[in-house]
Amino acid sequence: MKALVLSGGAGTRSRPAGCSLPPLLVPIANKPVLEYVVDNLRDIGITEIGVVVADGEHEVAEQYGDGSVLGVSLTYIDQRFSLGLAHSVRTARPFLGDDDFVLYLGGTVFAEGITQIADDFVRLRPSAQVLVDKVEDPSLYGVAEVDENSRVTRLIEQPREPRSDLAMIGVYFFTSAVHAAVDAIEPSWRGEFEITDALQWLVTHERDVRASSYSGFWKDTGSIEEVLECNRELLLGLRKDVQGVVDDESRLIGDVVIEEGARVVRSCIVGPAIIGPGTLVEESIVGPYASIGADCRITESGVADSIVLNEASVHNVSGIETSLIGRKARVGSARQHRLVVGDGAHVSVAA
């Protein structure tokens, strides 16, 4: 079995504001989303992974190469135009061949993995197995109507009046039967080739399409609010680990990770929190629910419930909460701000 993972610009939601990284590289608890995806795929025995990337988007390949650093084989598939998930499957057909595969939406984190849906697919061997969960507003999703035997009877993309609250949430298992469906459908009212329409084609042609319910934490990291919520959840899984240097005047409270090469000087770190390699935290209070990336400088500041990306600096800023500070950004002289600071920006706000 293979996997097809979609990156930014390839049929997925846009990246969070203030962050120029592709969704697969957005760090959650200092670990890029792609690594959570690969962990889940390896757990179900998949190591041959195609990554669909937007035309000109090379950062994923630059960081992970052939995938050997992650223990998998990565093949990059350029998609010049983003025309929907089914179009991504069509574009990737040379890579997929006639193998079974899992379609995994980049930017979506499943904290408890996808083992259950994989087991269901192997056991039942339907033409397609979709992952669903009950949501408050199904009109924002592709919606599945399911009978008492977990067979899908109808699917519709973003219905105005949903007849079900079961949303398809970003993982789909397919046999090669899906390729005929993808070739048969027309663009939707959004001008896209919808995977929902391909699934409905299978249902209409009496192919077996099943649904597996997901009960764990999942989140699409397409907005800052969602990224921060996901960060909080995954930080809760940390256990105290101090590889860096913490001086005698500093305190670590709760589950705090200080990565190798980091230094904590006359500061307090409140867990759950993680301080990346090469980062200096000096005369500051960091956490709870803070992820500080690599080679950052946090001095005379307070940062909680926030993500600070690599090589950013924060100086003389008290009360930063629910914020995202971009790569190499510089923030200074501010109080009590909820900040979204783009990569490379310099911000100095008077009190």
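A quick note: this is a predicted structure, and the numbers were derived from the prediction, not measured.

1. Re the overall build of the protein chain
Point 1. Helices and strands together make up the secondary structure of the protein chain, namely 8 helices and 32 strands.
Point 2. Taking 2.2 N^0.38 as the reference for a compact globule, 351 residues should give roughly 20 Å; the C-alpha atoms of the protein chain span a radius of gyration of 22 Å, in line with that estimate.
Point 3. By principal-axis analysis of the C-alpha atoms, the protein chain measures approximately 70 × 40 × 40 Å.
Point 4. In the protein chain, which comprises 351 residues, the share counted as buried stands at 54%.
Point 5. At a minimum sequence separation of 6, the contacts of the protein chain that also span at least 24 residues come to 49%.
Point 6. If you sum the accessible surface of the protein chain, you get close to 15000 Å²; carbon and sulfur atoms cover 45% of it.

2. Here's the deal with unusual backbone geometry
Point 1. Cis geometry marks the peptide bond from glycine 271 to proline 272, where omega comes out at 0°.
Point 2. For proline 272, the location among the structural elements is in the loop between β19 (268-270) and β20 (273-275).
Point 3. Of note, the bond from glycine 287 into proline 288 is cis; its omega dihedral lies within 30 degrees of zero at 0°.
Point 4. Considering the arrangement of structural elements, one finds proline 288 in the loop between β22 (285-286) and β23 (290-292).
Point 5. Even without being a glycine, glutamate 283 presents a positive backbone phi close to 50°.
Point 6. The topology assignment puts glutamate 283 in the loop between β21 (280-282) and β22.
Point 7. A positive phi angle, close to 60°, is found at asparagine 316, a residue other than glycine.
Point 8. Structurally, asparagine 316 is set in strand β27 (residues 313-318).

3. As for the pairing of strand β11 (residues 166-174)
Looking down a regular strand, the side chains alternate between one sheet face and the other.
Point 1. With 9 of 9 residues buried, β11 is to be regarded as a mostly interior element.
Point 2. Bridging between strand β6 (residues 101-105) and β11 involves 4 bridges; their strand directions are antiparallel. Residue pairing across strands places tyrosine 104 opposite valine 171, the latter belonging to β11.
Point 3. As paired elements, strand β8 (residues 128-134) and β11 share 6 bridges and run antiparallel to each other. What sits directly across from glutamine 129, in β11, is phenylalanine 173.

4. Section: the pattern of salt bridges
Point 1. Within this structure, the stated rule accounts for 21 salt bridges.
Point 2. Notably, a salt bridge pairs glutamate 48 with lysine 2, separated by 3.9 Å at the nearest N-O pair. Here glutamate 48 is found in strand β4 (residues 48-54), whereas its partner lysine 2 is found in strand β1 (residues 2-6), with 46 residues between them in sequence.
Point 3. Owing to a relative accessible area of 10%, lysine 2 belongs among the buried residues under this scheme.
Point 4. What emerges from the salt-bridge pattern is a single network uniting Glu157, Arg190, Glu192 and Glu194.

5. Topic: the confidence of the model for the protein chain
Point 1. Summarising the model, the protein chain shows a mean pLDDT of 91, and 91% of its residues fall at 70 or more.
Point 2. Long-range and interchain partners of residues 9-13, a stretch whose pLDDT sits below 50, account for 15 contacts in this model, where long-range means more than four residues apart.

What counts and how
- Residues numbered from 1 in each chain as written.
- Predicted model: local features only at pLDDT ≥ 70, side-chain atom pairs only at ≥ 80, totals over all residues.
- Heavy atoms only, no water.
- Helix = DSSP H or I, 4+ residues; strand = E, 2+ residues; numbered from the N terminus.
- Rg over C-alpha atoms; globule rule 2.2 N^0.38 Å.
- Buried < 20%, exposed > 50% of the residue type's maximum accessible area, 1.4 Å probe, protein only.
- Contact = heavy atoms within 4.5 Å.
- Areas by Shrake-Rupley, 256 points an atom, 1.4 Å probe, with all protein chains shown as cover.
- Pairing = 2+ DSSP bridges.
- Salt bridge = Lys/Arg side-chain N within 4 Å of Asp/Glu carboxyl O.
- pLDDT = per-residue confidence, 0-100.

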